[in-house]
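# Chains, contacts and geometry: an overview
For reference, the chains in residue letters:
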Amino acid sequence: MAAGWLMAMAVGGGLLLGLLLFRALRQRARRRGTGHGRPERFEGVISHRQVRMAIYLVLLAAGGHALLLAWQAESSLERYGAEAEAANLAGRQRMHSQRIGRIVSLLAPPEQDGAPDPAPARAVDPAALAEVLAQAKRDTAALKTLLHAAAMREPAEQALDATVLARWDQARTQLLREAEALLAALRAGTPAARQRIEGLQQAVEPALAAAEQLVATIDATIQARRRSEVIRSRLWAGATAVLLLAMALLVAEPTARAVKAQYLQIAAQTRELERLALVAELTQNAVMITDGRFRMVWVNEAFCQITGYAQGEALGRSLSGLLHCGAEQQPGLVRIQQAIASGSGARSQVLNRRKDGSALWLDIDVQPLREDTDGRSGFVAVAADITERRRAQADLRIAAIAFDSLEAIAITNAEQVILRVNAAFTRITGYSAAEAHGQVVGRLLRSGRHGNDFYEAMWRQLKARRHWQGEVWNRRKDGQVYPEWLSITAVTDDDGAVVNYVAVFTDITQKKLADETIHNLAFYDALTELPNRRLMRDRLDQLQAAGPRQQAAAVLFIDLDNFKELNDSRGHDVGDALLIEVARRLRACVRVHDTVSRQGGDEFVVILCNLHPAPSQAGADAQAVAEKIRAALSLPYQVGSIEWHCTASIGICMLEGGAQPVDEILKRADIAMYEAKRAGRNVTRFYDPATHAAIQERIALEADLRQALAGGQLLLHFQPQVDAQGRPTGAEALLRWRHPARGLVPPGQFIALAEETDLILPIGQWVLEEACSQLRRWSEAPATRELQLAVNVSARQFRQADFVEQVRQTLRESGASPQRLKLELTESLVLVNLEDTLAKMQAIRALGVRFAIDDFGTGQSSLAYLTRLTLDQLKIDQAFVASMLTSHTDAVIVQTVIGMAHSLGLDVIAEGVETAAQVDFLQSSGCHAYQGYLFGKPMPIGQFERHLGCTV
């Protein structure tokens with residue numbers, strides 16, 4: 001019981017100490033909050049943590065009290081059980097003593113009055129006595145255990161009387177000892193002695209009395225303890241009442257007062273918030289309240305008007321997500337985001353988007369909302385629409401930048417007096433702002449180039465349209481006149497009256513120079529500064545557009561002779577210098593209104609205008625100017641350190657009325673110029689329609705010739721070559737063209753044309769391949785295997801860098817014998833670039849191919865080159881053979897050629913032999929090889945082989 005009282009006192013003291021500590025901490029917190037400037041709106045308001053703590057203390061006290069009562073009830077039950085058990089065991093001790101007494105009474109013999117000896121004892125079962133003794137011992141042990149535990153648990157004043165316990169224990173021991181001795185005698189079968197029975201009977205009475213006393217003592221002790229518990233319960237009830245009273249005074253009453261104060265404070269704040277809400281609704285600025293994650297929980301009507309979003313669309317969404325404009329790196333937005341993350345406030349200007357997608361600039365002030373000094377519950381944001389202000393600021397910046405731009409700006413009043421100018425005005429005109437201020441702009445800058453009519457038209461348009469722009473020539477401060485592009489705008493007031501003029505102008509001097517440069521580049525030759533092809537054609541168009549009203553005119557097409565030699569040998573810089581001098585001389589030879597132009601390269605065109613109306617006289621005038629030009633261009637040219645002679649070929653085309661295309665006029669003049677070239681150069685020629693027709697025919701023939709090779713229209717004819725006995729030794733392959741419409745075209749009509757174009761190259765290669773193929777076929781027949789075949793090689797074909805390789809590859813692919821192939825070259829071919837000719841001839845001669853000089857004697861024959869060339873044969877030209885019988889000179893030439901060939905160890909053959917007399921003369925002169933109509937005309941291969949009298 002002492003332990004229970006101690007525990008109860010400890011719990012009560014702990015609760016009391018906790019209450020006192022709670023009150024002390026609360027008062028300290030109040031003093032600290034007041035001392036640290038706690039906001040006025042928190043004064044007298046208890047925090048939810050303090051209320052929670054008070055409730056927890058009350059619950060703790062009630063729980064502790066309930067646990068203590070439960071523990072007391074459980075202890076009482078245990079004690080009541082133990083006391084009942086002890087009382088029961090004590091009663092059983094009395095019962096055991098009574099049972100032993102009955103057993104002893106059965107063993108004692110009954111006394112008979114007047115009998116000398118007592119009657120014998122009645123028989124008793126020892127087992128019954130043994131059972132009683134054993135049960136008595138067990139009950140005694142249990143009772144002692146209970147009494148010992150009670151003695152350890154209860155205070156000393158509530159313990160059993162030790163004397164009673166000692167007396168009971170002594171009587172019990174004596175009883176049990178006498179009973180055990182009697183039991184032993186009964187089991188031994190010895191007759192029970194009267195002394196043992198008497199002793200046992202004497203022990204029963206004290207034991208029974210001691211047991212009775214023990215039972216009474218235990219009952220008295222139980223009653224005393226129960227009275228003590230009643231008193232203790234009354235004390236606990238009083239303590240509980242005191243505790244509840246203390247909690248009411250220390251916790252409930254202060255809490256109630258605090259709640260009341262808080263209610264009053266909240267009511268006051270509610271009224272204040274209602275006023276603030278009314279202000280927020282009526283303000284023109286957007287007001288937003290968000291939660292801790294910056295999601296809007298309330299917006300005012302101004303927010304909806306500014307952004308275009310309804311309240312239902314805005315609530316629950318973040319401001320940045322609702323008004324997002326896509327500009328993630330806005331500095332203002334970054335500052336606000338950083339402030340929100342740190343829980344502090346910020347103000348910045350941010351670009352957003354309205355619901356309709358238009359730009360929206362907001363000046364946003366974001367501040368946190370705090371429940372107490374330690375945490376925040378959200379944010380309040382106030383935003384002002386500054387879109388128009390930002391646009392106005394941008395317009396002002398643009399206006400400021402525009403005013404300080406590169407264009408000059410002058411602002412005047414209605415009387416044209418300068419009020420303000422920018423830096424560009426000073427830079428262009430030379431007048432500073434101070435010098436220009438107060439001056440009339442027209443008087444300050446007028447150059448005098450424009451008359452009064454110009455300015456009157458300008459002001460009429462200004463008054464009518466309030467705007468004028470155009471090109472004006474003004475004068476700088478230093479007197480320099482310059483062109484400018486001027487734009488004048490009138491500024492009017494609300495009544496339409498002009499109050500200011502704004503003049504914006506730029507100096508276009510460089511632009512006009514650039515335009516002039518561009519014009520020159522477009523219409524003039526950069527080297528000679530003469531009109532180019534475009535300007536010349538434009539002026540011809542103007543002449544043609546005049547129609548019947550135009551006067552006689554002429555076009556001169558001029559081409560310098562041998563200019564390419566100067567350009568290639570001396571360099572392009574020397575050639576350019578010559579062209580510049582030619583241009584100067586041409587300009588000097590014509591009138592001012594005539595046109596001298598450069599077509600390109602060394603070609604020039606002169607347009608002579610306003611010639612005599614009579615055609616004959618106009619032609620004579622054009623001829624005179626052309627001769628004057630030819631004579632001027634024929635004079636020596638001093639180009640650098642060299643003197644160069646150059647002539648010109650001039651073609652003339654007359655324009656005598658009738659519209660002709662410009663291209664046709666130039667083509668006619670070009671044809672006349674080529675006629676001058678063919679006439680020997682350094683001459684003039686007029687355009688001739690017959691010559692034009694011949695040229696047209698030549699152009700058509702060239703077009704057909706380009707299709708001849710691919711169309712299989714070319715073929716070879718073979719003319720026999722014989723010895724002195726008339727036996728065939730070979731043939732010459734001669735090219736023929738069988739045109740599908742023209743028939744057989746003579747070689748004289750197309751060979752020269754092929755030479756002038758690149759067509760001679762594929763044609764020459766085709767002839768070489770066909771000739772080699774024919775040699776291979778001849779080599780398969782005994783009658784023709786010893787025949788040689790001569791093939792003419794053109795100069796352009798021979799000058800190819802890979803000509804030697806072409807011959808080698810053709811021989812290899814055809815399988816022809818190189819010893820049976822003979823290449824005929826002209827004298828003019830071998831004399832040009834003699835070293836290259838020698839190298840190629842030696843390389844081809846190494847293959848086994850033979851060489852012959854065709855038409856020997858018609859060119860610049862020289863023994864010097866004949867001795868160096870690897871020749872095998874000289875061929876006397878048919879012109880000498882045809883006239884050698886009638887011309888002594890030609891006869892001597894023929895004999896000389898034959899003698900020279902024999903001296904050099906060369907074979908000689910005469911071509912064009914048509915009579916026996918010619919054969920006789922040639923034989924007598926030492927020539928024993930012939931080719932001509934006397935022995936056979938050029939013929940196709942089949943006819944040629946039949947002519948030989950054999951079949952291959």
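Predicted model, so just to flag it, every value in this text is computed and none were measured.

### A few points about the overall build of the protein chain
When helices and strands are tallied, the protein chain shows 32 helices and 26 strands. Look at the contacts in the protein chain between residues 6 or more apart in sequence, and 61% of them connect residues 24 or more apart. Carbon and sulfur atoms make up 55% of the accessible area of the protein chain, which amounts to about 50,800 Å² in all.

### Some points on the packing of aromatic side chains
Under the counting rule described, the total for this entry stands at ten aromatic pairs. Here phenylalanine 425 and phenylalanine 505 contribute two aromatic rings whose centre-to-centre distance is 5.8 Å and whose plane-to-plane angle is 70°, an arrangement assigned as edge-to-face. A residue pair is termed long-range when its members are at least 10 positions apart, and phenylalanine 425 in helix H11 (residues 423-429) and phenylalanine 505 in strand S10 (residues 498-507) qualify at 80 residues. Take phenylalanine 425 and phenylalanine 505: they sit in the same class, and that class is buried. Taken together, Phe454, Tyr455 and Trp468 form an aromatic cluster joined through their ring pairs. Positioned above the aromatic ring of tryptophan 473 is the side chain of arginine 449, whose terminal nitrogen or guanidinium carbon lies 4.1 Å from the ring centre.

### A word on the environment of glutamate 529
For glutamate 529, the position within the fold is in the loop between helix H15 (509-523) and helix H16 (533-545). Take glutamate 529: its relative accessible area is 63%, and that puts it in the exposed class. Separated by 55 residues in sequence, glutamate 529 and arginine 584 have C-alpha atoms that sit 9.8 Å apart. Not counting residues up to four positions away in its chain, the partners in contact with glutamate 529 are Tyr524 and Arg587.

### What about the pairing of strand S4 (residues 359-370)?
Of the strand pairs in this sheet, strand S3 (residues 346-353) and S4 are connected by eight bridges, and their pairing is antiparallel. Bridged to serine 348 within S4 is isoleucine 364. Hairpin connection between S3 and S4: a loop of five residues separates the two successive antiparallel strands, and glycine 357 in this loop has a positive phi of roughly 90°.

### A word on the nonpolar core
Residues Leu705, Leu821, Leu823, Leu871, Leu874, Ile876 and Leu922 are the most contacted members of the largest nonpolar core, which totals 74 residues. Counting residues per element, this core draws most heavily on helix H23 (residues 760-778), which supplies nine residues. In this structure, leucine 922 is in contact with Met884, Val894, Ile898, Ala910, Val913, Cys927 and Tyr930, ignoring residues within four places of it in sequence. Residues Ile558, Val606, Val625 and Ala632 belong to the second largest nonpolar core, which totals 37 residues.

### Digging into the pattern of salt bridges
Enumeration over the complete set of coordinates arrives at 35 salt bridges. Lysine 355 is the salt-bridge partner of glutamate 313, the closest N and O atoms lying 2.8 Å from each other. With a gap of 42 residues between them, glutamate 313 in helix H7 (residues 311-314) and lysine 355 in the loop between S3 and S4 connect regions that are remote in the sequence. Relative accessible area serves as the criterion here: at 45%, lysine 355 is assigned to the partly exposed category. The closest approach of N and O atoms between aspartate 872 and arginine 845, which form a salt bridge, is 2.8 Å. Of this pair, aspartate 872 sits in the loop between helix H28 (863-868) and strand S24 (873-876) while arginine 845 sits in helix H27 (residues 834-845), and the two are 27 residues apart along the sequence. For aspartate 872, a relative accessible area of 10% translates into the label buried. A relative accessible area of 31% means that arginine 845 is categorised as partly exposed.

### Here's the deal with the packing of helix H17 (residues 563-570) against helix H18 (residues 572-589)
At their nearest, the axes of H17 and H18 sit 6 Å apart, and the two run at 140° to each other. As judged from the angle between their axes, H17 and H18 are oblique. Packed against H17, whose contacting residues are Phe563, Leu566, Asn567 and Arg570, the element H18 presents His572, Asp573, Val574, Gly575, Leu578 and Leu579 at the interface. Class assignment for the residues of the contact of H17 with H18 results in five nonpolar, three polar and two charged.

### Description of H16
Here H16 is 13 residues long and its end C-alpha atoms lie 18 Å apart, about the 18 Å a rise of 1.5 Å per residue gives. When H16 is considered as a whole, its buried residues turn out to be Leu535, Met536, Leu540, Leu543 and Gln544. Looking at the buried positions of H16, the neighbouring elements they touch are H15, strand S11 (553-560), strand S12 (595-600), strand S13 (603-608), strand S16 (648-655) and helix H20 (662-678). N-capping of H16 is provided by asparagine 532, with a side-chain oxygen placed 3.2 Å from the backbone N of arginine 534.

### What to know about the sheet that holds S11
Taken in spatial order, the five strands of this open sheet run S12-S13-S11-S16-S17, and their pairing is mixed. Edge positions in the open sheet fall to S12 and strand S17 (684-686), since each of these has one partner strand only. Pairs of neighbouring strands in the sheet enclose a mean axial angle of 20°, with direction left out of account. Taken together, the three bridges between S16 and S17 define a ladder with parallel strand orientation. Within S17, the residue paired with isoleucine 652 across the bridge is phenylalanine 686.

### Some details on the confidence of the model for the protein chain
On average, residues of the protein chain carry a pLDDT of 81, and 84% of them reach 70 or more. Mean pLDDT per element in the protein chain: helix H1 (residues 2-35) is the minimum at 60, and strand S26 (residues 929-931) is the maximum at 95. Long-range and interchain partners of residues 34-46, a stretch whose pLDDT sits below 50, account for 18 contacts in this model, where long-range means more than four residues apart.

How each quantity is defined
Residues numbered from 1 in each chain as written. Predicted model: local features only at pLDDT ≥ 70, side-chain atom pairs only at ≥ 80, totals over all residues. Heavy atoms only, no water. Helix = DSSP H or I, 4+ residues; strand = E, 2+ residues; numbered from the N terminus. Contact = heavy atoms within 4.5 Å. Areas by Shrake-Rupley, 256 points an atom, 1.4 Å probe, with all protein chains shown as cover. Phe/Tyr/Trp six-rings, centres within 6.5 Å; stacked < 30°, edge-to-face > 60°. Buried < 20%, exposed > 50% of the residue type's maximum accessible area, 1.4 Å probe, protein only. Lys NZ or Arg CZ within 6 Å of the ring centre and 35° of its normal. Pairing = 2+ DSSP bridges. Core = buried A, V, L, I, M, F, W, Y, C linked by side-chain atoms within 4.5 Å. Salt bridge = Lys/Arg side-chain N within 4 Å of Asp/Glu carboxyl O. Axes fitted to C-alpha atoms, helices over the stretch in contact; angles between N-to-C directions. Parallel < 35°, antiparallel > 145°, perpendicular 65-115°, else oblique. Nonpolar A, V, L, I, M, F, W, Y, C, P; charged D, E, K, R; others polar. Expected span 1.5 Å × (residues − 1). Polar contact = N/O pair within 3.5 Å; in protein donor to acceptor, adjacent residues only side chain to side chain. pLDDT = per-residue confidence, 0-100.

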